Amino acid sequence: MNKRLSETYRIGIKGLVQGVGFRPFLFRMAIEHGLKGWVENRNDGVVLELNGSESQLSSFRSAVLAHAPTAASIESVEIQKVARKSFDSFEIKASSDESTFITEISPDIAVCRECLNDMKTQPHRIGYPLINCTHCGPRFSIIRDLPYDRAHTTMASFEMCPQCRSEYSDLNDRRFHAQPVACNTCGPVYRFEHAGGATEVFKEILDRTCELLSGDALLAIKGTGGFHLVCNAFRKEGIAKLRTMKRRDGKPFAVMFKSLEEAQHYVEIGESEKAELCSWRRPIVLLRKRRELPRGIADGLVNLGVMLPYMPFHYLLFEQLTTPALVMTSGNFSDEPILISNDRAREQFSAFVDGIVSYNREIFNRVDDSVCTVIREVPTVLRRARGFAPSPIRTGFDLEGILATGAELTGSFCMGKEHLALMSPYTGDLKNLETLAFYQETYERYCRLFRFTPRLVVSDLHPDYLSTRFAVKLVEENPDLPHISVQHHHAHIASGMLNAGLEGEVLGFSFDGTGLGTDGHMWGAEVMKADYINFERLFHFEYMPLPGGDKASKEPWRMGVSYLHHCFGDEIYDLKIPLTQRFGRQEMGNIIALIQKRINTPMVSSAGRLFDAVAAITGLNYYSTYQAEAPMLLESAIDLNEQGSYPFEIETGKVSFTSLIRSVVEDIHKGKSTGSIATKFHHTLVQLILRLSLEIRAESGLDRIVLGGGSFQNNFLSEKVMDKLENENFKVYLPHRIPVNDQGIAAGQLAIGAHRWKLM
Ligand code: ZN
Ligand code: ZN
Ligand code: FE
């Protein structure tokens, strides 16, 4: 066969290749290799037809694999010869399919290596802190409308200088069709302001920022998707200022390290963690500490949230700074959404910070930093925002027009376009008006951006969730809109099924804090047979009084008293353990009175509250300053040398923990360490899940197990459960692209809504 003979080839490239500048890249490659034809987006990748010789094709293929944009991930390239056609040029075919239109909106991409190099070498971009190219830079955060071109972004007001324009128009340039292209001459600029004045001279800004961050300053610095509050991770004063500002909120802070090497001194980084940390998404990755950082960052926790620089400004900062690490946390007051506007930052932060660093390119879509963890080598997203939003989840069914409004905590909604599930970025806990306003604003923007009109609305069962009220309001405004309510824990399981593309019936373990059950009680430890339509509750944790309702979720000691009283009755007063000694007869008596008189004391079946009780009984945590503090401290206490576990009782449909609690108290009396007790407790849950799974499989044949709910953010629990179940030949699914916590609820609601709707 003549290798030089020109033939027509069809090339299918599969993987994540949309919205990352891939087609302009292929265009360049094709021209470079003298190939004519076309490229078109498909649902699972792109397809090209090219005329050329076999050797041209083969070098084209190698070049594509070698030089693909950073954010692209190619799974496969298939080349096949097809009937001869003739082409005059190479063209990018406009896609007629709406979903491909949508997938062209890329998430924000961390600055690429070439741009960092250009920042040192290109005369018009020397030190330019907002440098970007086709392969990197802001995307979702600056998009106002479709199609994705400069006029539809917040770069519209900046006119390209002749040099940028020529790069933008030159298909041989890496900035060919890079919408936010900019340089020192024409692009947005940084600004530093403090009580004494302001400057827009970049060298001064950088010097001043570095000087302040070398000391005890707290600064607000504009990031990609919102403001960060930033201080030196090794200066107690700075950390103290940040804690004062966030006083109602004890959440651990994330730390940005200068480099992977610097981070390695403080945290353990395995291969998968490294890949995630360095990925173009640049999420916060939870990593096991090797060394303690100063107090106030992530006290008492085994993990530290770590990220690496992702904006040119971060790199410039660390080049000059002597500290290897900065505390970087969302620029907000607790429970409020991250601030994005320069004016608002000035209004809200001036009184607390030593300076504000901003730039004059507007952030249109707010996106917080994403948070990931690695569970058994699988990167698992826990907070889905920057770098992920608005990438859709592809499903096998029609979702068009379905809106799912999500849960209450870690709020987010999910909308269906054709077969795509579009998850909103994390919008914060839907407990106050500010967060609700952000949620609403994001919803309106998504409607416009994705040309979405709701035809069905799906919400949680809980009537008081702001997300449910939002659904009800939509229905009131449009009485023809059907409304479906989905039980919280069912939604968790459906979301895991959707993540894994499962059909049919599965066995689900849905363990979390709370969600409203179909019997009016609060649920949170549910073992169910489930599909996308229905579920059958097979087992749950014994209902326990939650003295004080919501208050008890913030005060684990109340749950400790509740369990102790349940197990010991009035003997609780005679127990000699830290909890009973700390609170004494009077305070415990008040709680017991609430329980006995059933005053503001709902009944809960909840894994989260069991964790709370054990954390309180062992004296680890009496009051929580952030969500899931007690379970996180309990996980952090784990002692890997301990092999033991505790007994528990399984009756028809119910698991109770009287003997577990009694044994914990005995262990405390015996002087067993908190670490041992915490570990035995975790082992108990693992065994419990294993035993129930075996029992249920024997009866029903179900061998696919889906884990859902916030409790499975616990790495130790999830890993052990998955290992043990797989040993027994179960197939186990833990969602990793959809958060396992309540941010994932909306996706589950969407899937259930789609299936029930067909029956309506
Ligand atoms: Zn770049
Ligand atoms: Zn320019
Ligand atoms: Fe939940």
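This one's a predicted model, so the numbers in the text were calculated from it and none came from an experiment.

Cut-off values and rules
Residues numbered from 1 in each chain as written. Chains lettered and ligands numbered in written order. Predicted model: local features only at pLDDT ≥ 70, side-chain atom pairs only at ≥ 80, totals over all residues. Heavy atoms only, no water. Helix = DSSP H or I, 4+ residues; strand = E, 2+ residues; numbered from the N terminus. Buried < 20%, exposed > 50% of the residue type's maximum accessible area, 1.4 Å probe, protein only. Contact = heavy atoms within 4.5 Å. Donors = N, O, S within 2.8 Å, 3.2 Å for Na, K, Ca; no water. Tetrahedral: all angles 85-135°; square planar, octahedral: opposite > 155°, others 65-115°. Pairing = 2+ DSSP bridges. Axes fitted to C-alpha atoms, helices over the stretch in contact; angles between N-to-C directions. Expected span 1.5 Å × (residues − 1). Polar contact = N/O pair within 3.5 Å; in protein donor to acceptor, adjacent residues only side chain to side chain. Arc of directions from axis to C-beta.

**Some thoughts on unusual backbone geometry**
Moving on, step 1. Look at the link from Ala-389 to Pro-390: it is a cis peptide, with omega at 5°.
Moving on, step 2. Within the fold, Pro-390 resides in the loop between β16 (378-383) and β17 (393-394).
Moving on, step 3. Even without glycine at this site, Arg-282 takes up a positive phi of about 45°.
Moving on, step 4. Residue placement: Arg-282 occurs in the loop between α9 (271-278) and β11 (284-288).
Moving on, step 5. If you check the backbone angles, Arg-451 has positive phi at about 50° while not being a glycine.
Moving on, step 6. Mapped onto the elements, Arg-451 comes out in the loop between α12 (433-449) and β21 (456-460).

**So, the environment of Arg-448**
Moving on, step 1. Tracing the backbone through its elements, the reader meets Arg-448 in helix α12.
Moving on, step 2. Judged by its relative accessible area of 53%, Arg-448 is exposed.
Moving on, step 3. Separated by 302 residues in sequence, Arg-448 and Leu-146 have C-alpha atoms that sit 8.7 Å apart.
Moving on, step 4. Among all residues touching Arg-448, those that are not within four sequence positions of it are Arg-144 and Asp-145.

**A closer look at the coordination of the zinc ion (ligand 2)**
Moving on, step 1. Protein ligation of the zinc ion (ligand 2) involves Cys-161 (SG), Cys-164 (SG), Cys-183 (SG) and Cys-186 (SG), the donor distances falling in the range 2.2 to 2.3 Å.
Moving on, step 2. Coordination geometry of the zinc ion (ligand 2): the four donor atoms subtend angles of 104 to 114° at the metal centre, consistent with an arrangement described as tetrahedral.
Moving on, step 3. If you list the donors of the zinc ion (ligand 2) from N- to C-terminus, the spacing comes out as C-x2-C-x18-C-x2-C.

**Topic: the coordination of the zinc ion (ligand 1)**
Moving on, step 1. The protein atoms donating to the zinc ion (ligand 1) are Cys-112 (SG), Cys-115 (SG), Cys-133 (SG) and Cys-136 (SG), with metal-donor distances spanning 2.3 Å.
Moving on, step 2. Around the zinc ion (ligand 1) sit four donor atoms; with metal-centred angles ranging over 104 to 118°, the donor geometry is tetrahedral.
Moving on, step 3. Linear spacing of the donor residues for the zinc ion (ligand 1) on their chain is C-x2-C-x17-C-x2-C. Taken together, the positions of Cys-112 in the loop between α3 (98-103) and α4 (113-121) and Cys-133 in the loop between α4 and α5 (162-169) put the pair 21 residues apart, joining distant regions of the chain.

**A short note on the sheet that holds β11**
Moving on, step 1. With respect to topology, eleven strands assemble into an open sheet ordered β7-β6-β14-β8-β9-β13-β10-β12-β11-β15-β16, the strand pairing being mixed. Only two strands of the sheet have a single partner each, and these edge strands are β7 (197-199) and β16. When strand polarity is set aside, the average angle formed by the axes of neighbouring strands in this sheet is 30°.
Moving on, step 2. As judged from the five bridges shared by strand β9 (residues 227-232) and strand β13 (residues 325-330), these two strands associate in the antiparallel manner. The residue of β13 that forms the bridge with Asn-232 is Leu-326.
Moving on, step 3. Across the sheet, helix α6 (residues 202-214) is in contact with β6 (190-194), β7, β8 (218-222), β9, β13 and β14 (355-359); its angle to β6 comes to roughly 50°.
Moving on, step 4. Across the face of the sheet, helix α7 (residues 236-245) comes into contact with β8, β9 and β13 while running at roughly 145° to β9.

**Observations regarding α12**
Moving on, step 1. The end-to-end C-alpha distance of α12, which contains 17 residues, comes to 24 Å, matching closely the 24 Å that a straight helix rising 1.5 Å per residue would cover.
Moving on, step 2. Residues Thr-435, Leu-436, Phe-438, Tyr-439, Thr-442, Tyr-443, Tyr-446, Cys-447 and Leu-449 constitute the buried set of α12.
Moving on, step 3. Elements in contact with the buried residues of α12: β18 (402-404), β19 (414-417), β20 (420-423) and α13 (466-477).
Moving on, step 4. Arg-451 lies just past α12 and shows a positive phi near 50°.

**Structural notes on the environment of Asn-432**
Moving on, step 1. Here Asn-432 is to be found in the loop between β20 and α12.
Moving on, step 2. What makes Asn-432 buried here is its relative accessible area of 17%.
Moving on, step 3. Separated by 153 residues in sequence, Asn-432 and Arg-585 have C-alpha atoms that sit 36 Å apart.
Moving on, step 4. When neighbours within four sequence positions are excluded, Asn-432 is seen to be in contact with Asp-335, Glu-336 and Leu-466.
Moving on, step 5. Here the side chain of Asn-432 touches Glu-434 through a polar contact of 3.3 Å, landing on its backbone nitrogen.
Moving on, step 6. Side-chain polar atoms of Asn-432 contact the side chain of Thr-435, separated by 2.5 Å.

**Digging into α9**
Moving on, step 1. Those residues of α9 that fall on the buried side of the exposure criterion are Ser-272, Glu-273, Glu-276 and Leu-277. The buried residues of α9 occupy an angular sector of 135° when projected down its axis, which confines them to one face.
Moving on, step 2. Those residues of α9 that are buried are in contact with α8 (260-264), β11, β12 (303-307), β15 (371-375) and β16.

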